[in-house]
Amino acid sequence: QVQLVESGGGVVQAGGSLRLSCAASGRTFSSGAMGWFRQAPGKEREFVAAISWSSSSNTLYANSAKGRFTISRDNAKNTVYLQMNSLKPEDAAVYYCAAKSLGPASLPSEYDYWGQGTQVTVSS
C-alpha cells in the first residue's frame, strides 16, 4: 500500500555531511509521521529522528542526533530528508525510513511501513 525508498547514502570521511531522502508512494501523506532509523551490523535497529506530516515543528531526535542531524519534509513531494552533519564513524549504518499514523515516535514497533535502507559509511 505504501512504498518507501531511501536514497542519498554513500561514503564520507569523519566530519563530513550527507543528506538522505525518503520518497513515499502509494498514497499521499497529510497526517501521521515519518521516522529515520539506523542499524549497524550485529546491532539492533536504532531510532534517529522523526517528524510529523502535519506540523514540521513536531519532531523527535535521538540524543546521538541532536545538534548534528536535522529532519525535514516536503509534503507536496511526499519526501522526508535527514541532513547529517559532523558525521562520526559510529554513525555508519544502514539508514531506514518508516511511516506511521499519529505523531512522531521512537519505537520501531509503532511504524507501519519501512523502506529497504540506504548505506552510510563513515571513514576515520
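Data block above holds the structure.
One structure accompanies this document, and this report is about it.

## Brief notes about the sheet that holds strand 7 (residues 69-74)
What the four strands build is an open sheet, ordered 1-3-8-7; its pairing is antiparallel. Every interior strand has two partners, whereas the edge strands, strand 1 (3-7) and strand 7, have only one. Pairs of neighbouring strands in the sheet enclose a mean axial angle of 15°, with direction left out of account. One ladder, built from five bridges, connects strand 1 with strand 3 (residues 18-25); its direction is antiparallel. The residue bridging Ser7 from the neighbouring strand is Ser21, located in strand 3.

## Structural notes on the state of the cysteines
Tallied over the entire structure, the rule returns one disulfide. Paired by a disulfide, Cys22 and Cys97 hold their sulfur atoms 1.9 Å apart. On the sign convention where negative is left-handed, the bridge of Cys22 and Cys97, at about 60° about the S-S bond, is right-handed. In this pair, Cys22 is assigned in strand 3 and Cys97 in strand 9 (residues 93-100), connecting sequence segments 75 residues apart.

## Considering the pairing of strand 8 (residues 79-84)
Burial analysis of strand 8 places five of its six residues in the buried class, which makes it a mostly covered element. As judged from the six bridges shared by strand 3 and strand 8, these two strands associate in the antiparallel manner. What sits directly across from Leu18, in strand 8, is Met84. Between the end of strand 7 and the start of strand 8, which pair antiparallel, lie four residues, with Asn78 showing a positive phi angle near 50°.

## Side note on the packing of aromatic side chains
For any pair of aromatic rings, geometry is given as the distance between the ring centres together with the angle between the planes. A full pass over the atoms with the stated rule returns four aromatic pairs. Aromatic rings pair up to connect Phe37, Phe47, Tyr111 and Trp114 into one cluster. Cation over ring: Arg19 sits above Tyr81, and NZ or CZ is 4.3 Å from the ring centre. One cation-aromatic arrangement involves Arg45 over Trp114; the distance from NZ or CZ to the ring centre is 4.8 Å.

## Some details on the nonpolar core
Trp36, Leu82, Met84 and Tyr95 are the most contacted members of the largest nonpolar core, which has 27 residues in total. Counting residues in hydrophobic clusters, the runner-up holds seven residues, among them Phe37, Ala50, Ala98 and Tyr111.

## Details of the pattern of salt bridges
One pass over the structure, following the stated rule, counts three salt bridges. Close ionic contact of Arg38 with Asp91 constitutes a salt bridge, the shortest N to O distance being 2.9 Å. Taken together, the positions of Arg38 in strand 4 (residues 33-39) and Asp91 in the loop between strand 8 and strand 9 put the pair 53 residues apart, joining distant regions of the chain. The exposure class of Arg38 is buried, given its relative accessible area of 6%.

About the thresholds
- Residues numbered from 1 in each chain as written.
- Predicted model: local features only at pLDDT ≥ 70, side-chain atom pairs only at ≥ 80, totals over all residues.
- Heavy atoms only, no water.
- Pairing = 2+ DSSP bridges.
- Helix = DSSP H or I, 4+ residues; strand = E, 2+ residues; numbered from the N terminus.
- Axes fitted to C-alpha atoms, helices over the stretch in contact; angles between N-to-C directions.
- Disulfide = S-S within 2.5 Å.
- Buried < 20%, exposed > 50% of the residue type's maximum accessible area, 1.4 Å probe, protein only.
- Phe/Tyr/Trp six-rings, centres within 6.5 Å; stacked < 30°, edge-to-face > 60°.
- Lys NZ or Arg CZ within 6 Å of the ring centre and 35° of its normal.
- Core = buried A, V, L, I, M, F, W, Y, C linked by side-chain atoms within 4.5 Å.
- Salt bridge = Lys/Arg side-chain N within 4 Å of Asp/Glu carboxyl O.

These results come straight from atomic positions and should not be treated as a statement about function.
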